[in-house]
Each structure stands twice: as structure tokens, then as C-alpha cells.
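A look at the structure
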Amino acid sequence: MFDPTAFRDALGSFVTGVTIVTARDAAGRPFGLTANSFNSVSLDPPMVLWSLSLRSRTLPVFRDAQTWAVHVLAADQQAMSDRFARAGEDKFAALDDIDGPEGAPLIPGYAARFGCTARFEYEGGDHAIFLGEVTDFDRREVEPLIYHGGRYGRIMRSPTGEDLEREGLAERAGSTLSLTASGAELLAALERVAKR
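Presented here is a report on the structure given in the accompanying data block. Since the structure is predicted, the reported quantities are computational estimates derived from the model, not experimental observations. Residue positions are given per chain, counting from 1 as you read along its sequence in written order. Reporting in this predicted model follows two pLDDT cut-offs: at least 70 for local features of residues, and 80 or more for side-chain atom pairs to be given and counted; totals over whole chains, interfaces and linings ignore these cut-offs and use all residues. Note: side-chain values were computed over all heavy atoms of the structure, leaving out hydrogens and water.

What to know about the sheet that holds strand 6 (residues 67-72)
In this scheme, strands are said to pair when DSSP sees at least two bridges between them. Numbering goes from the N terminus for both helices and strands, where a helix is a DSSP run of H or I of at least four residues and a strand is a run of E of at least two. If you trace the 7 strands from one edge of the open sheet to the other, you get 3-2-6-7-8-5-4, paired in antiparallel fashion. Both outer strands of the open sheet, strand 3 (30-35) and strand 4 (39-43), are each paired with one neighbouring strand and no more. In this sheet, adjacent strand axes meet at a mean angle of 30° when their direction is disregarded. In this analysis, two residues are considered to be in contact whenever any of their non-hydrogen atoms come within 4.5 Å of each other. A fitted line through C-alpha atoms serves as each axis, taken over the contacting stretch for helices, and the angle formed by two N-to-C directions is quoted from 0 to 180°. Across the sheet, helix 3 (residues 78-85) is in contact with strand 2 (19-24) and strand 3; its angle to strand 3 comes to roughly 115°.

Describing the pattern of salt bridges
Each salt bridge in this description consists of a side-chain nitrogen of Lys or Arg and a carboxyl oxygen of Asp or Glu lying within 4 Å of one another. Throughout the structure, instances matching the rule amount to 12 salt bridges. As a salt-bridge pair, E121 and R63 come within 2.6 Å of each other at their nearest N and O atoms. Of this pair, E121 sits in strand 7 (residues 112-124) while R63 sits in helix 2 (residues 59-64), and the two are 58 residues apart along the sequence. For every residue, the accessible area (1.4 Å probe, protein chains only) is compared with the maximum for its type, and the residue is labelled buried under 20%, exposed over 50%, or partly exposed between those bounds. Given the relative accessible area of 32%, E121 is considered partly exposed. Overall, R63 belongs to the partly exposed group, its relative accessible area being 37%.

This is the structure in C-alpha cells:
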């Protein structure tokens, strides 16, 4: 038997995106929760999956929902993620009551959104795995919010020479790129931090 804490820590080595999954109950009330268990399954037909604890109070809502939507959160939506991760509060307070084309509540400001028709549910240990066929999607050119080792994070891509020039950290003379005084200072500071 695995030590549950050690197993969770090992799983935390995998960087995931952060999503909010939404649906409506039979009475039309909006429900949503933060999940990082989202994954693509198939391009043809377009299918995605996510999972939810069998102990979740919202499990019956998602089991009965004909449609649901997965919102991949943008880097500036940590507060929204925290809000939908907490139990017992009106998560949709102060949000417009708007649905996406598939009929699930829409969370504004996302990096990407996948509206789905519910297709299958499987039990996988202590979680229900929901598989949906994507009926509509949308994407914005923003950085996604990520989660790693129990903390939120942001993507840091390797800078290009153009990025360094734009930030005033490097300058080009013909085909040669060299650091400016500001770039040299930043590099020295980073090297000092790396040696600690």
C-alpha cells in the first residue's frame, strides 16, 4: 500500500492546467467547481474528460447533467479558481447568468472553453470520470493558469532575442546580439540567486 501523502506529492510533480467545470441542475441552478483533472481524449470525435470525487456534494448534478463546460482558466484567474474550490458559498454571485451554446453556465475571462454533451461516466477508484463530446469551443490568446506541487504558477517560455531586445536587455549589431547594461545586471543577479 502506498503512503497517501507521498503518492499525492509525487502526483504534484506533474504540471496541470486549472479548470472550472460548470453545469445546471434539473431546476436550472448553476453549479461549478475547480478541477485540474481535465484531459483531451480524442480529436475525431472531439472528446475530453475530467474527474470528480465520489464524495463531492455536486456529484449528482454532474451525473444528471446532459451538458457541461470546461473552462481553462487564464493566468490572472487564481481568485476565480479559489472561489470555485471552496464549498458552501454562492460561487456564481456577481457573475452574469449566461450560458454557452451547449447550455452550461459561462465563466468569463477564460483562456479556453469546451462545451460538451455528456457521453459516458466511469468509476475510477474514489472518483467518477466524466467523458464528454465537445460541441463547441473557444480560445483566447492569453496565458493559462497552471498548478504544480500544490501551488499556482505561470508559464515561462524561453525568451527569444526579440524578447530581450524589446525589454531593453539586449541589442543587435548586425547579426550579433549582446547584452545591454541592464541585461548584464539582471544576468548577474540571477547567477547570484542560483548559487544560494
